[in-house]
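# Per-entry structural report
Residues per chain are reported as follows:
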Amino acid sequence: VVEYCVLSLLEPEPRYGFEIAQILGTDGRLLLTEGTVYPLLARMRTAGLVTSEWRESKSGPPRRYYELTASGRRALAAFREEWIQFRRAVDVVLLGGKA
Amino acid sequence: MTAPHAKQIVAGYLARLDQELDSLSALTSSEKSEALAQIESHVNEARGALTDETDADILNILDRLGSPDEVADSVRSSRPDASIPVAPKKAPTTFERTLVMAAILMWAGGLASLIGALVLFSTSDFEPASFLSLFAGICGVMSGAVVFKRPAVAVVGVLLAAVAVGRNLTYWYLLPSNFNTIDDAALVMLVLGGALAGVAATLLHPGQVPKRSS
């Protein structure tokens, strides 16, 4: 699920690793440990879901920015459909059909 | 202001992470370097956001990152080939391509000269039955080498080629009257073709040796 949250974060614009870790970890509470986001990003890049490039930073050394690929966009769209179905099914069980 | 022990704390964390990553045998040096660089960059980014950092701030940053073994564990489990490493696909070199081409040409040449011998000389000078059995044997050697990718089959092909060459040399020097040029040349070409195909198949499709993964 976290993988698709990363894809979703990258949908509007490319982001760098620290930024993603902050949103999902400190802000979103989706990551128990922020360090796990980097191996995840590396795996997603290997899988062709994202690409990365170095960009200059105004406040320090260059940052590795990640961007969605066409394959990543397709994976995200497919997951959104699945997630909606899954959430409805869970709501029916948890809320007794009051969803 | 920089925290008094920031350098030691961060260096200690990165050293422990380095050790943990070293224990992952399947990890390449570039994957390890990237993982370390990303974590170091994260710490620097987090420190950059602080106006007046303390040792406690540094420790909190590292706490949020996770312990070195947690980070190393996520690196290990994020690898697509964590359980069964696959040998990288090797592109054939010019030498290997030449070997394959030579095998194909020798086979085409051998086959053409044999058909030519059958058509031109009928069956008076050699025995088709024994020749066909040898031909079938060589076909087996070649297909075995190519399809099953067995180095041992290539060795058998090389031995057969040596026997054929030896037989021809014997005829040439000792019994020249018994030497049938087209027939024997074709046999040598077929056998050598089979041997070359076997060697090429072995070079192009080396056995995949599984690496140990932790």
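Residues numbered from 1 in each chain as written. Chains lettered and ligands numbered in written order. Predicted model: local features only at pLDDT ≥ 70, side-chain atom pairs only at ≥ 80, totals over all residues. Heavy atoms only, no water.

## Looking at the overall build of chain B
- The number of helices and strands found in chain B is eight helices and zero strands.
- The secondary structure elements of chain B, listed N-terminal to C-terminal, are α-α-α-α-α-α-α-α.
- Accessible surface, chain B as shown: approximately 12,500 Å² in total, 65% of it carbon and sulfur. (Helix = DSSP H or I, 4+ residues; strand = E, 2+ residues; numbered from the N terminus. Areas by Shrake-Rupley, 256 points an atom, 1.4 Å probe, with all protein chains shown as cover.)

## Quick look at the interface of chain A and chain B
- Across the contact, 19 residues belong to chain A and 15 residues belong to chain B.
- Summing the contributions of chain A and of chain B, the shared interface buries around 1,400 Å²; its carbon and sulfur component is 57%.
- Three residues stand out in chain A for area buried against chain B, namely Phe18, Tyr38 and Pro39 of chain A, and they jointly supply 34% of the buried area on that side.
- The tally of links from chain A across to chain B stands at four salt bridges.
- Measuring nitrogen to oxygen at the nearest pair gives 2.6 Å for the salt bridge that ties glutamate 45 of chain B to arginine 63 of chain A.
- Contributing elements (two or more residues each) for the side of chain A that touches chain B: α2 (17-27), α3 (37-46) and β3 (63-68) of chain A.
- Broken down by element, the side of chain A that touches chain B gets its largest block of residues, seven residues, from α3 of chain A.
- When its residues are assigned to classes, the side of chain A that touches chain B shows nine nonpolar, five polar and five charged. (Contact = heavy atoms within 4.5 Å. Buried area = accessible area lost by both parts, 1.4 Å probe. Salt bridge = Lys/Arg side-chain N within 4 Å of Asp/Glu carboxyl O. Nonpolar A, V, L, I, M, F, W, Y, C, P; charged D, E, K, R; others polar.)

## Examining the nonpolar core
- If you look at the biggest cluster of nonpolar residues, it comprises 43 residues, and the most contacted ones within it are Val6, Ile20 and Val37 of chain A together with Leu21 and Ile39 of chain B.
- If you list the elements that add at least two residues to this core, you get α1 (2-10), α2, α3 and β3 of chain A together with α1 (6-22), α2 (29-48), α3 (55-65) and α4 (68-78) of chain B.
- If one sorts the elements of this core by residue count, α1 of chain B sits on top with seven residues. (Core = buried A, V, L, I, M, F, W, Y, C linked by side-chain atoms within 4.5 Å. Buried < 20%, exposed > 50% of the residue type's maximum accessible area, 1.4 Å probe, protein only.)

## Brief notes about the packing of aromatic side chains
Residues and elements named next belong to chain A.
- All chains considered together, the criterion is met by four aromatic pairs over all chains.
- Ring plane angle 0° and centroid distance 4.0 Å describe the contact between tyrosine 4 and phenylalanine 79, whose orientation is recorded as stacked. One end of the pair, tyrosine 4, is in helix α1; the other, phenylalanine 79, is in helix α4 (residues 70-95), and 75 residues separate them in sequence.
- A residue is classified by how much of its surface remains accessible, and phenylalanine 79, at 18% relative accessible area, is buried.
- Pairing tryptophan 83 with phenylalanine 86 gives two aromatic rings, centres 5.6 Å apart and planes at 40°, and the pair type is tilted. Residue tryptophan 83 and its partner phenylalanine 86 are both found in helix α4; the two are separated by three residues, about one turn of the helix.
- Phenylalanine 86 sits in the partly exposed class, given a relative accessible area of 48%.
- The structure contains a cluster of three or more aromatic residues connected by ring pairs, namely Tyr4, Phe79, Trp83 and Phe86.
- We note arginine 63 situated over the ring of tyrosine 16; from NZ or CZ to the ring centre the distance is 4.1 Å. (Phe/Tyr/Trp six-rings, centres within 6.5 Å; stacked < 30°, edge-to-face > 60°. Lys NZ or Arg CZ within 6 Å of the ring centre and 35° of its normal.)

## Quick notes on the packing of α1 of chain B against α3 of chain B
Residue and element names in this part refer to chain B.
- Viewed as axis vectors pointing N to C, α1 and α3 meet at an angle of 20°, and their least axial separation amounts to 9 Å. The orientation of α1 with respect to α3, classified from their angle, is roughly parallel. The chirality of how α1 crosses α3 is right-handed. Between α1, through Ala6, Ile9, Val10 and Tyr13, and α3, the contact on the second element is made entirely by Asp55, Ile58, Leu59, Leu62 and Leu65.
- Across the contact of α1 with α3, the residue classes tally to eight nonpolar, no polar and one charged. (Axes fitted to C-alpha atoms, helices over the stretch in contact; angles between N-to-C directions. Parallel < 35°, antiparallel > 145°, perpendicular 65-115°, else oblique. Left-handed = near helix turned anticlockwise from the far one by under 90°.)

## What to know about the confidence of the model for chain B
Residues and elements named next belong to chain B.
- Overall, the prediction assigns chain B a mean pLDDT of 68, with 36% of residues at 70 or greater.
- A low-confidence stretch, residues 82-89 stays under pLDDT 50, and its non-local contacts, those more than four residues away or across chains, total eight contacts.
- pLDDT under 50 marks residues 123-130. Its contacts with residues more than four places away, or in other chains, come to six contacts.
- Predicted complex metrics record ipTM = 0.80 and pTM = 0.53. (pLDDT = per-residue confidence, 0-100.)

## Points about the environment of leucine 62 of chain B
Residues and elements named next belong to chain B.
- Tracing the backbone through its elements, the reader meets leucine 62 in helix α3.
- Using a relative accessible area of 8% as the deciding quantity, one classes leucine 62 as buried.
- With 19 residues separating them in the primary sequence, leucine 62 and valine 43 have C-alpha atoms 7.4 Å apart.
- Ignoring sequence-local partners within four residues, the contact set of leucine 62 consists of Ile9, Tyr13 and Val43.

## Section: the sheet that holds strand β2 (residues 50-55) of chain A
Residue and element names in this part refer to chain A.
- The strand order across the open sheet formed by three strands is β1-β3-β2, and the pairing between neighbours is antiparallel. Each end of this open sheet is capped by a strand with a single partner; those strands are β1 (15-16) and β2.
- Sheet topology note: the β1/β3 ladder contains two bridges and is antiparallel. What sits directly across from tyrosine 16, in β3, is tyrosine 65. (Pairing = 2+ DSSP bridges.)

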